[in-house]
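So the chains spell out like this:
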Amino acid sequence: METITGTSTGVTIGMTVILMGFCAFMTGQAIANTWRSVHQLYAYSLLLGLVDRFLTYALFEGELLSLSGYIFDTVILFAIMSAAFRVTRVNKMLSQYPWLYERVGPFGYRAREGADV
């Protein structure tokens, strides 16, 4: 795993999944709560990937210019951000329009029977 990420497994889990994953989760929630487009997730995940690479380099002497590490970290952060966005958007739709939509799981909703959507 060190050859892909440019740092140890513990640092990758600690920095990318826990610390930056929390930041990605909060970013996904913020974008969903302000009714912004899902396309903004791409730009924010690329920026968070850069921050993750820099903090890994500055704090743990990881590889700064590791392209595979950057792509790996950014994909993980994008997945966390997308999940947070979707769960928040579904909860928001169901709380604001309970007469129109019903839950179909944590990531989905559908129109209620007889509701004109």
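Residues numbered from 1 in each chain as written. Predicted model: local features only at pLDDT ≥ 70, side-chain atom pairs only at ≥ 80, totals over all residues. Heavy atoms only, no water.

A. Local environment of the overall build of the chain. The helix and strand tally for the chain stands at four helices and two strands. Beginning at the N terminus, the succession of helices and strands in the chain can be written as α-α-α-α-β-β. Here the C-alpha radius of gyration of the chain, 18 Å, is well above what a compact globule of 117 residues would show, namely 13 Å. With respect to the three principal axes, the spread of C-alpha positions in the chain is 60 × 20 × 20 Å. The buried share of the chain, reckoned over its 117 residues, is 33%. Excluding contacts between residues fewer than 6 apart, the proportion of contacts in the chain whose partners are at least 24 apart in sequence is 56%. On the chain, roughly 7000 Å² of surface is accessible, and the fraction owed to carbon and sulfur atoms is 66%. Here the chain holds 8 positive side-chain charges and 8 negative ones, and the gap between their average locations is 14 Å. (Helix = DSSP H or I, 4+ residues; strand = E, 2+ residues; numbered from the N terminus. Rg over C-alpha atoms; globule rule 2.2 N^0.38 Å. Buried < 20%, exposed > 50% of the residue type's maximum accessible area, 1.4 Å probe, protein only. Contact = heavy atoms within 4.5 Å. Areas by Shrake-Rupley, 256 points an atom, 1.4 Å probe, with all protein chains shown as cover. Lys, Arg positive; Asp, Glu negative; His and termini not counted. Charge placed at Lys NZ, Arg CZ, Asp CG, Glu CD.)

B. The arrangement of helix 2 (residues 9-33) in detail. With 25 residues, helix 2 should reach 36 Å at 1.5 Å per residue; the first-to-last C-alpha distance of 33 Å fits that figure. Considering bend angle alone, the principal kink of helix 2 is centred on Gly21 and spans about 45°. The complete set of buried residues in helix 2 reads Val11, Thr12, Met15, Thr16, Met20, Gly21, Ala24, Gly28, Ile31 and Ala32. Contacts from the buried residues of helix 2 go to helix 1 (2-5), helix 3 (40-60) and helix 4 (67-96). Directly beyond the C-terminal end of helix 2, a positive phi value near 60° is found at Trp35. (Expected span 1.5 Å × (residues − 1). Bend = angle between axes of the 7 residues up to and from the residue.)

C. Main features of the packing of aromatic side chains. For the structure on display, the rule yields three aromatic pairs. Consider the rings of Tyr97 and Trp99, whose centres lie 5.9 Å apart with planes at 80°: the pair is edge-to-face. Relative to Tyr109, the ring of Tyr101 has its centre 5.0 Å away and its plane inclined at 70°; by these criteria the two rings are edge-to-face. The exposure class of Tyr101 is buried, given its relative accessible area of 14%. (Phe/Tyr/Trp six-rings, centres within 6.5 Å; stacked < 30°, edge-to-face > 60°.)

D. Spatial organisation of the environment of Arg53. Structurally, Arg53 can be placed in helix 3. As for Arg53 and Gly69, which are separated by 16 residues in sequence, their C-alpha atoms are 7.7 Å apart. A distance of 2.9 Å separates a polar atom in the side chain of Arg53 from the backbone oxygen of Thr5. (Polar contact = N/O pair within 3.5 Å; in protein donor to acceptor, adjacent residues only side chain to side chain.)

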